[in-house]
Amino acid sequence: MTERVDRVRSLIEAPLLVTNPVNVGYLTGLDSSNAAVLVEPDGIRVFTDFRYVEKARLLGLAVTPLSRNLFAELVPHLPTRVEFEAEHLSYAAWASLDGGRIELVPRLELVQGVRAVKEPGELDAIRRAAAITSECFSRLAEQQFVGREERELAWWIETTMHVLGADGAAFDVIVAGGANGAAPHATTGHRLIEPGQTVVVDAAARLDGYNSDCTRTFATGELPEELARSYEVCLRAQETGLAATLAGANGRDVDAVARGVISEEGLGDLFGHGLGHGLGLEVHEQPRLRPESDDVLPLDGVVTVEPGIYHPGFGGIRIEDLVIIGENGPEVLTTFTKELVMVG
C-alpha cells in the first residue's frame, strides 16, 4: 500500500481527498461504503463512521471517527487547499466542502491512472480469474443450448464459476440468443434459444477482488450467410486489434485498426461501441480503447479487445479476449477457442 500511496503522492501538488470507495480500498485496504482518505506529504488519514472505525484501526490506519454524514464534519480536519476526485465527488458533498474555508482543486481519474499499471500480485489474481472463466466456457460448449431459456444458461454459468473456485461472477452474465444478441448490453431473459442463430455469451469470474472478462459467440446450427460472414469479419478484426495492443500505443489508434477491418467490409455502422477497456478491481477501468480515447496503453496494463457486429432484429456477434500488455506483446488470458463453435 505504501508504494501505491507514493505513486499517487508523486502526481499531486496539494493533499488529495480520495472518496471513490474502490480507490479508498486500493490505497488503504479498507473496504467501506463511507470513507474518505486524505493523501498528504507525510502520510495518509482516513475519515469514516463508527461502522468502519475498528476495521480501519485493525489495518493500522490513522483514522478519525466522524458521523455518517462525513462531509458535514470534514472541513475542520482538512488543510486550506485540497485536490479532490472530480469524477466521483457528488455536488452535495462538494457544496459541504465549498461552504468552508477550503480551496478545492479538481483532479480527474488520478488514482485510476495509477491503478492502470498492475502489480505482480494483481496480475496473478487476474490470470487466475481468467483461467476459471476459460474453463467455464469450455464446459459451456458441451451444454445443450436449444430449447433452454437464456437465464437458465446464465445461472448454469454463474454456478459453474463458483464450482471452479470463483468468488462470484464479475458482472451479471449475458446470454443473448438471436435478435437479443443485437443489443451489445443485452438483458438475459426468458427467451428460448432456437436453432440456426447466434448466441452471445459475455461472462467472467471474479477472484480475490479482481475481475476477468470474456465474450464468445456460439452458433446453434448452420447460420444465415450474413451472420456467418459477419463472424469471420469480427474474428479478423479482433485478431488485428490484438496484434496492435502494445505498450505505448494510443487507445484511439488501436481501436481504429480493428474498426478499419469491419468498415472495409461495409459493416462499420454495425460496430458502435469501443474496442475495449481496462480491467482490474473494476470491470471498466483505464485505459480505454475507443475512438475518442487519448489513453496510452501502459506496460503491465490489462485490457479487453472486443469488437462486435450487431444486426438489428436478426442477431449479434462479439468476440472478446482479456490481455496483459507485456514487453513482448499482448499476453492473452482467455484461452477458449475463438473459432465458431456449434452447439446443440
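See the structure above.
Residues numbered from 1 in each chain as written. Predicted model: local features only at pLDDT ≥ 70, side-chain atom pairs only at ≥ 80, totals over all residues. Heavy atoms only, no water.

Enquirer: Where do I start with the side chain of asparagine 34 in this structure?
Expert: Looking at the element boundaries, asparagine 34 is found in the loop between α2 (21-28) and β2 (35-40). There is a polar contact of 2.7 Å between the side chain of asparagine 34 and the side chain of aspartate 49. In this structure, asparagine 34 is in contact with Phe47, Thr48, Asp49, Arg51, Tyr52, Ser67, Arg68 and Leu70, ignoring residues within four places of it in sequence. (Helix = DSSP H or I, 4+ residues; strand = E, 2+ residues; numbered from the N terminus. Polar contact = N/O pair within 3.5 Å; in protein donor to acceptor, adjacent residues only side chain to side chain. Contact = heavy atoms within 4.5 Å.)

Enquirer: What is the right way to look at the packing of helix α7 (residues 120-140) against helix α8 (residues 150-163) in this model?
Expert: How two helices sit against one another is set out by the angle between their axes and by the gap between those axes. One can describe the packing of α7 onto α8 by two numbers: an axis separation of 10 Å at closest approach and a directional angle of 135°. Considered as vectors, α7 and α8 are oriented oblique to each other. Once α7 is placed against α8, the crossing between them reads as right-handed. Where α7 approaches α8, its residues Ile132, Cys136, Arg139 and Leu140 are matched on the opposing element by Leu153, Trp156, Ile157, Thr160 and Met161. (Axes fitted to C-alpha atoms, helices over the stretch in contact; angles between N-to-C directions. Parallel < 35°, antiparallel > 145°, perpendicular 65-115°, else oblique. Left-handed = near helix turned anticlockwise from the far one by under 90°.)

Enquirer: Sorry if this is basic, but what is going on with the sheet that holds strand β4 (residues 63-65) here?
Expert: Within a sheet, each strand pairs with its neighbour through backbone hydrogen bonds, oriented either parallel or antiparallel. Strand order in the open sheet made by the six strands is β4-β3-β2-β1-β5-β6, with mixed pairing throughout. Strands at the two margins of the open sheet, each flanked by one partner only, are β4 and β6 (103-107). When the angles between neighbouring strand axes are averaged without regard to direction, this sheet yields 25°. By the bridge criterion, three bridges tie strand β3 (residues 43-48) to β4 in an arrangement that is parallel. Each bridged residue has a counterpart across the sheet, and for phenylalanine 47 the counterpart in β4 is threonine 64. (Pairing = 2+ DSSP bridges.)

Enquirer: Could you clarify how one ought to interpret the packing of aromatic side chains in this entry?
Expert: Any aromatic ring pair is given by two values, namely how distant the centres are and how the planes are angled relative to each other. Evaluated as defined, the whole model comprises four aromatic pairs. Between phenylalanine 218 and phenylalanine 336, the aromatic rings sit 6.1 Å apart at their centres with planes inclined by 40°, giving tilted as the arrangement. With phenylalanine 218 in strand β12 (residues 215-219) and phenylalanine 336 in the loop between β19 (329-332) and β20 (341-342), this pair connects stretches of sequence that are 118 residues apart. Exposure class is identical for phenylalanine 218 and phenylalanine 336. Each is buried. (Phe/Tyr/Trp six-rings, centres within 6.5 Å; stacked < 30°, edge-to-face > 60°. Buried < 20%, exposed > 50% of the residue type's maximum accessible area, 1.4 Å probe, protein only.)

Enquirer: Please clarify how the environment of threonine 245 should be interpreted in this entry.
Expert: Inspection of the secondary structure assignment puts threonine 245 in the loop between α9 (225-243) and α10 (251-264). Distance in space between the C-alpha atoms of threonine 245 and glycine 326 is 9.4 Å, their sequence separation being 81 residues. With sequence-adjacent residues up to four places away left out, threonine 245 is seen in contact with Val254, Leu297, Val303, Val305, Val323, Ile325 and Pro330. Side-chain polar atoms of threonine 245 contact the backbone oxygen of glycine 241, separated by 2.7 Å.

Enquirer: What exactly am I supposed to notice about the pairing of strand β15 (residues 302-305) here?
Expert: A regular strand places its side chains so that they alternate between the two faces of the sheet. Burial of the side chains of β15 extends over both faces: Val302 and Thr304 are buried on one face and Val303 and Val305 on the other. In this structure, β15 lies alongside strand β18 (residues 321-326), joined through four bridges in antiparallel fashion. Looking at β18, one finds that valine 303 is bridged to valine 323.

Enquirer: Can you walk me through empty space enclosed by the protein in this structure?
Expert: Gaps left between atoms are located by rolling a probe of water-molecule size over the structure's atoms. A complete count under the given rule lists one cavity of 30 Å³ or more for this structure. By volume, the largest cavity is sized at about 30 Å³. Contributing to the lining of the largest cavity are Leu16, Glu85, Glu87, Arg107, Glu109, Leu110, Val111 and Gln112. Examining the composition of the lining of the largest cavity, we find that three residues originate from one element, helix α6 (residues 110-115), more than from any other. The class makeup of the residues in the lining of the largest cavity is three nonpolar, one polar and four charged. (1 Å grid on protein atoms, 1.4 Å probe; cavity = no way out; pocket = protein on both sides within 12 Å on 5 of 7 lines; lining within 4 Å. Points joined across faces, edges and corners; volume = space filled by probe spheres on them. Nonpolar A, V, L, I, M, F, W, Y, C, P; charged D, E, K, R; others polar.)

Interpretation note: all reported values are geometric properties and have no functional meaning in isolation.
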